[in-house]
Amino acid sequence: MALHRPTGRWQLGLSLSLLTACMWGALPIALDVTLERMDALTITWYRFVVSAVLLGSYLAARGQLPGLRGHPSSVYLLLLVAVLGLGSNYVLYILGLERTSPEAAQVMIQLAPASAMLGFLFFFRERFSRIQWLGLLVMASGMLLFLHDRLGEVFLGLGRYTAGVALLGAAAVTWAAYALAQKQLLHFMSSAAVLVVIYCGSTLLLLPGAAPAQILDLGPLRLWLLAFCALNTIVAYGAFSEALAHWEASRVSAVISMTPLATLLMAGIGSALWPQVVPAEELSPLACAGAVLVVAGSMAAALGKARTEDQEPPMPPGVE
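Residues numbered from 1 in each chain as written. Predicted model: local features only at pLDDT ≥ 70, side-chain atom pairs only at ≥ 80, totals over all residues. Heavy atoms only, no water.

Caption draft 1: View of the overall build of the chain. Check the secondary structure of the chain and you find 13 helices and 0 strands. Secondary structure elements of the chain occur, N-terminal to C-terminal, as α-α-α-α-α-α-α-α-α-α-α-α-α. Burial status across the chain gives 51% buried among its 320 residues. Of all intrachain contacts in the chain linking residues separated by at least 6 positions in sequence, the fraction that spans at least 24 positions is 87%. Only carbon and sulfur atoms are counted for the fraction: they give 69% of the accessible area of the chain, which is about 14200 Å². (Helix = DSSP H or I, 4+ residues; strand = E, 2+ residues; numbered from the N terminus. Buried < 20%, exposed > 50% of the residue type's maximum accessible area, 1.4 Å probe, protein only. Contact = heavy atoms within 4.5 Å. Areas by Shrake-Rupley, 256 points an atom, 1.4 Å probe, with all protein chains shown as cover.)

Next comes the structure, spelled out in structure tokens:
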């Protein structure tokens, strides 16, 4: 199977990656507030159904709804992996967030781009450099430092926080599976076509466990936050998908590694302006230093990739 190659338009890829980081940075704060009135599965279902309707309507108006016939069998397998991967990631992430905090969730979910990078290095025939190994070591050290005051609870306890950390780790692995499938699917379908199939599939997958009537219990604030979470799905994953089409996956992963810092900044601003809505989490200087190390290590691991011996030239614009 031929491997997908980016177009080489790195400026566009960088801009889309920064947009993804900002959207993902704000997401856990909005989700955390919405969780007070709606369960995790229902929030996730609403995010997928709104995204499926909006993106599907846009593609239908342009006559670009994807056809699912005539593809190699590997494409259907990749679509299944993408649907299960992203659907599971959404649910596991919000369940982990419910048991920890927005700041902790964004630090722990950095395992996702790191796991995806390992997959890219393996499946797309790249090799680890010393800088990458060092970056992963720094990232792991940063996570331990961030959790330093809860290490005993995480590794020895069976409490709520421990369960949240475990769920976030599982969310990272399922996201990596989605990202790998999404990357290769771009060789056969446009990014929007891939995403609308994933959104529709995930909507059907989660429907049996969702409780749509819970939306009646939301006040105006949480309705707006739920709408933001749904639009976040389209904007962030659309930008991420397009970034992969134009820029190398390792570079995209490096930029979105800055997401925890965006969350820390937004949570601080939110708690200062609306303390009753966005409660502040007291982070020690060591925990803040750990978050910075996680970001630095993840970026180093993503950017320090070695050039592959069989690297192909970038595809020209418009070839996806």
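Following the structure, the description resumes.
Caption draft 2: Layout of helix α9 (residues 191-206). For α9, which comprises 16 residues, the first-to-last C-alpha distance of 22 Å matches the rise-based estimate of 22 Å (1.5 Å per residue) to within 8%. Restricting attention to buried positions, one finds in α9 the residues Ser 191, Ala 193, Val 194, Leu 195, Val 196, Val 197, Ile 198, Tyr 199, Ser 202, Thr 203 and Leu 206. The inward-facing, buried residues of α9 abut α2 (40-61), α3 (73-99), α8 (160-185) and α10 (220-246). (Expected span 1.5 Å × (residues − 1).)

Caption draft 3: Geometry of the nonpolar core. Ranked by size, the top nonpolar core spans 88 residues in total, and within it Leu 31, Leu 86, Trp 175, Tyr 178, Tyr 237 and Phe 240 carry the most contacts. Other than its neighbours up to four places away in sequence, Tyr 237 contacts Trp 24, Leu 86, Asn 89, Tyr 90, Trp 175, Tyr 178, Leu 195, Tyr 199 and Asn 232. (Core = buried A, V, L, I, M, F, W, Y, C linked by side-chain atoms within 4.5 Å.)

Caption draft 4: Spotlight on the pattern of salt bridges. Summed over all chains, the structure comprises 2 salt bridges. Put simply, Glu 36 and Arg 222 hold a salt bridge, and the shortest N to O gap is 2.4 Å. Taken together, the positions of Glu 36 in the loop between α1 (10-34) and α2 and Arg 222 in helix α10 put the pair 186 residues apart, joining distant regions of the chain. On the basis of relative accessibility, which here comes to 14%, the residue Arg 222 falls in the buried class. Among the salt bridges present, the one from Glu 98 reaches Arg 99, with a minimum N-O distance of 3.6 Å. According to the relative accessible area criterion, Glu 98 is partly exposed, its value standing at 30%. Classification of Arg 99 as partly exposed rests on a relative accessible area of 25%. (Salt bridge = Lys/Arg side-chain N within 4 Å of Asp/Glu carboxyl O.)

Caption draft 5: Seen up close, empty space enclosed by the protein. Tallied over the entire structure, the rule returns 2 cavities of 30 Å³ or more. A volume near 270 Å³ is recorded for the largest cavity. Every element with two or more residues in the lining of the largest cavity is listed here: α1, α3 and α5 (111-123). (1 Å grid on protein atoms, 1.4 Å probe; cavity = no way out; pocket = protein on both sides within 12 Å on 5 of 7 lines; lining within 4 Å. Points joined across faces, edges and corners; volume = space filled by probe spheres on them.)

Caption draft 6: Looking closely at a nonpolar patch on the surface. Taken together, the side chains of Leu 77, Leu 80, Val 81, Leu 84 and Leu 205 define a hydrophobic patch exposed on the protein surface, amounting to about 420 Å² of accessible area. The biggest single contributor to the nonpolar patch is α3, with 4 residues. Among the secondary structure elements, Val 81 is positioned in helix α3. (Patch = residues over 30% accessible without salt bridge, like charges linked within 9 Å, V, L, I, M, F, W, Y side chains within 5 Å.)

Caption draft 7: Looking closely at the packing of aromatic side chains. As enumerated under the stated definition, the model contains 8 aromatic pairs in all. Ring centres of Trp 24 and Phe 240 lie 5.9 Å apart, and the angle between their planes is 45°; this geometry places the pair in the tilted category. Residue Trp 24 is located in helix α1, and its partner Phe 240 is located in helix α10; the two are separated by 216 residues in the primary sequence. Here Trp 24 and Phe 240 have matching classes, each one buried. Each residue in the set Trp 24, Trp 175, Tyr 178 and Phe 240 is aromatic and connected to the rest through ring pairs, giving one cluster. (Phe/Tyr/Trp six-rings, centres within 6.5 Å; stacked < 30°, edge-to-face > 60°.)

Caption draft 8: Examining the layout of surface pockets more closely. Roughly 210 Å³ of volume is contained in the second largest pocket. Around the second largest pocket, the lining residues are Ala 26, Ile 29, Ala 30, Val 33, Leu 221, Leu 225, Met 266, Gly 270, Trp 274, Val 277 and Val 278. When contributions to the lining of the second largest pocket are tallied by element, the ones reaching two or more residues are α1, α10 and α12 (259-273). Here the lining of the second largest pocket gets 4 residues from one element, more than from any other, and that element is α1. For the lining of the second largest pocket, the class distribution of residues is 10 nonpolar, 1 polar and no charged. (Nonpolar A, V, L, I, M, F, W, Y, C, P; charged D, E, K, R; others polar.)

Caption draft 9: Focus on the packing of α3 against α9. Remark: α3 packs on α9, axes separated minimally by 9 Å, with the N-to-C direction vectors making an angle of 60°. Classified by the angle between their axes, α3 and α9 sit oblique to one another. As α3 packs across α9, the resulting crossing turns out to be right-handed. Of the residues in α9, those in contact with Leu 79, Ala 82, Val 83, Leu 84, Leu 86, Gly 87 and Val 91 of α3 are Val 197, Ile 198, Gly 201, Ser 202, Leu 205 and Leu 206. Its residues assigned to classes, the contact of α3 with α9 comprises 10 nonpolar, 3 polar and no charged. (Axes fitted to C-alpha atoms, helices over the stretch in contact; angles between N-to-C directions. Parallel < 35°, antiparallel > 145°, perpendicular 65-115°, else oblique. Left-handed = near helix turned anticlockwise from the far one by under 90°.)

That is the geometry; function is a separate question.
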